[in-house]
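So you can see what is in the structure, the chains are spelled out below.
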Amino acid sequence: MSLEARAVGFRYGSGPWVFRKFDITVGAGEMVGLLGPSGCGKTTLARLLAGHEDPREGRVLFDGAALPRAGYCPVQLVSQHPEHAVNPRWRMRDIMCEGWSMAEDTMEMLSIQPEWLDRYPSELSGGEIQRFCVARTLSPSTRILIADEMTTMLDAITQAQLWRAVRETVDQRGLGVLVVSHERALIDALCDRTVALEAADAPEP
Amino acid sequence: MNGAAPQTHPSAGRVSCSRLALSGRQRTLLTAALAALALGVIVAAGVLLPDTRLATDLGARNQAPSLANPFGTDWLGRDMLTRTARGLTTSLALGMAAASVSALLALALGMAAATLGKAADAAVSWLIDLFLSVPHIVLLILISFAFGGGARGVIIGIVLTHWPALARIIRAEILALRGSEFVRVSRRLGRSNLHIATRHMFPHVFPQFLVGLILLFPHAILHEAAVTFLGFGLPPHEPAVGIILAEAMMHLSTGRWWLALFPGLALLAMVRAFDILGDNTRALLDPRTAHE
């Protein structure tokens, strides 16, 4: 079981290529780091891998087949801005249960307080919402997690708690994780191996 | 630390002003309630004033406003206050029916344009442009005339001419929502289009829909009155404001100013009450102003 990108490339409209001919594989039970400077297309690549966007060339394969169009996607994405990833008109309880009915140990593992469940996203901090966003994707049906700068905006304690929860899930049931970050120290501490993304050649003048 | 004494809390001045000072939200609520009350009074007057005041009384013809007949009487001795209240109630009923159907049409077409793909979007956008490019009143007269006039003609005319502006707003809202991250996440979590439409999109556009609906009422009422005034709307025996104003035109030159002034003012007041109600509802529902 693995997520594989074969020679993927992407550009917006007919603009310059963000990246081209990029290959990456994330297997079960491994944590892979994706490093790259700001603006080199890390987030775009993360969105392609999770099926939020289609690559302009190349293919994204899960277990040798294209990602499913409908139904639960085994590859889930947690993005940098949790407040955009939740419906501001929903209570946290509904947000959390949109993907699966969560086990209590997941809540405990992520230190989600029961009293947060009846609040709206605007009544929680970014770190608190991000715990829900991570919890939402840790369903048993999720095989690969793409963590796109998942903890960049958060304080050190929240960062540590979130990564510990992810690491535990990796060890327990072989979740595969792609850690997207521009911080080498974080990736060195977490990941088994690292892949670098470099921007495509400078656009033709 | 005595140097800090002159500094006062920024809100201190406001707190000491008056105990009756209302917050912005309370004022908005109060204004909306007053506007709703004014509309309620019009409906109550239309329903409760007795028919006997509408009876022809040739002994009390053409009387100027007095305590017994605050709006005066017409050339048949009928009480103008009762006629105006009845006329406004008719206009209100027609306006509500027409505006509601028109708003639902806008919601359906706006959602269809934004969710059913490029061809549907192009078709609906073309229709919106087409309807917006012809002056309302001309189109309304043509449609009303084609459907044989009367209440039916006016309602169909208003329904068909008033949806495009609201449909355009709803289409734009839903297009923005479709690209939003939480909708994409919901889709990747395996949720169906129906779930996304009903649980994510509809609650988001509902405030726009409601405010659009309330703001459609005054338009619908004014246009009903206008079409009726011009003779393409309700038949002369219906108690409509447009009829009253059209008849009053014949008597203006004879100095009976009250025949047109009071019904006209009442119509304006009702339209304004709806405008205020709509604007304040928007302020209450909009998250950016809801807490002010």
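Please read these numbers as outputs of a predicted model, since none were measured by experiment.

Reading the values: the criteria
Residues numbered from 1 in each chain as written. Chains lettered and ligands numbered in written order. Predicted model: local features only at pLDDT ≥ 70, side-chain atom pairs only at ≥ 80, totals over all residues. Contact = placed C-beta atoms within 7 Å. Helix = DSSP H or I, 4+ residues; strand = E, 2+ residues; numbered from the N terminus. Nonpolar A, V, L, I, M, F, W, Y, C, P; charged D, E, K, R; others polar. Buried ≥ 20, exposed ≤ 12 C-beta atoms within 10 Å, placed from the backbone. Pairing = 2+ DSSP bridges. Right-handed = clockwise from strand over helix to strand, strands pointing away. Axes fitted to C-alpha atoms, helices over the stretch in contact; angles between N-to-C directions. Parallel < 35°, antiparallel > 145°, perpendicular 65-115°, else oblique. Left-handed = near helix turned anticlockwise from the far one by under 90°. Core = buried A, V, L, I, M, F, W, Y, C linked by C-beta atoms within 7 Å.

(A) Up close: the interface of chain B and chain A. Contact residues are listed per partner, giving twelve residues for chain B and 15 residues for chain A. When residues of the side of chain B that touches chain A are traced back to their parent elements, those giving at least two are α8 (181-188) and α9 (193-229) of chain B. Ranked by residues supplied to the side of chain B that touches chain A, first place goes to α8(B) with six residues. Classifying every residue of the side of chain B that touches chain A by side-chain character gives four nonpolar, four polar and four charged.

(B) Structural view of unusual backbone geometry. Residues and elements named next belong to chain A. Backbone geometry places Asp63, a non-glycine residue, at a positive phi of 55 degrees. For Asp63, the location among the structural elements is in the loop between β4 (57-62) and β5 (65-66). Even without being a glycine, Glu149 presents a positive backbone phi close to 45 degrees.

(C) Structural view of the pairing of strand β8 (residues 176-181) of chain A. Residue and element names in this part refer to chain A. The buried count for β8 comes to six of six residues, which makes it a mostly enclosed element. Burial along β8 is two-sided: Gly176, Leu178 and Val180 facing one way and Val177, Val179 and Ser181 facing the other are all buried. Where strand β3 (residues 31-35) and β8 come together, five bridges link them in parallel fashion. Along β8, the bridge assignment pairs Met31 with Val177. Viewed along the sheet, the connection from strand β7 (residues 144-148) through helix α5 (residues 156-173) into β8 turns out right-handed.

(D) Layout of the pairing of β4(A). Residue and element names in this part refer to chain A. Strand direction decides the pairing type here: strand β1 (residues 2-11) and β4, joined by five bridges, are antiparallel. Within β4, the residue paired with Gly9 across the bridge is Glu57. Judged from the two bridges that link them, β4 and β5 form a sheet pairing that is antiparallel. Looking at β5, one finds that Phe62 is bridged to Ala65. Joining the antiparallel neighbours β4 and β5 is a turn of two residues, in which Asp63 adopts a positive phi near 55 degrees.

(E) Highlighting the packing of helix α3 (residues 80-115) of chain B against α9(B). Residues and elements named next belong to chain B. α9 packs onto α3 with a crossing angle of 140 degrees between their chain directions and a minimal axis gap of 7 Å. Between α3 and α9, the angle falls in the class oblique. As α3 runs across α9, the sense of the crossing is right-handed. Residues belonging to the contact of α3 with α9 are distributed by class as follows: 16 nonpolar, six polar and one charged.

(F) Quick peek at the environment of B:Asn69. Residue and element names in this part refer to chain B. Secondary-structure assignment places Asn69 in the loop between α2 (24-48) and α3. A sequence separation of 13 residues divides Asn69 from Thr82, and the C-alpha atoms of the two residues are 9.1 Å apart. Setting aside residues up to four positions removed in sequence, Asn69 forms contacts with Gln63, Asp79, Met80 and Leu81.

(G) Spatial organisation of the nonpolar core. In this structure, B:Leu88, B:Ala103, B:Ala106, B:Ile170, B:Leu216 and B:Met270 are the most contacted members of the largest nonpolar core, which totals 62 residues. Top contributing element to this core by residue count: α3(B), with 15 residues. If we skip the residues at most four places from it in the chain, B:Ile170 touches B:Ala106, B:Leu107, B:Gly110, B:Met111, B:Val205, B:Gln208 and B:Phe209. The next biggest cluster of nonpolar side chains, apart from the first, holds 54 residues, and it includes A:Leu77, A:Ile112, B:Val183 and B:Leu189.

(H) Molecular detail of the sheet that holds β7(A). Residue and element names in this part refer to chain A. Pairing within the open sheet is parallel, and its five strands lie in the order β6-β7-β8-β3-β9. The open sheet has two edge strands, β6 (75-78) and β9 (193-196), and neither has a second partner. Averaged over neighbouring strand pairs, the angle between their axes works out to 20 degrees when direction is ignored. Judged from the four bridges that link them, β3 and β9 form a sheet pairing that is parallel. From the neighbouring strand, Leu35 faces β9, where its bridge partner is Ala196. Sheet strands touched by helix α1 (residues 42-49): β3, β6, β7 and β8. Its angle to β7, the strand with the most contacts, is close to 160 degrees.

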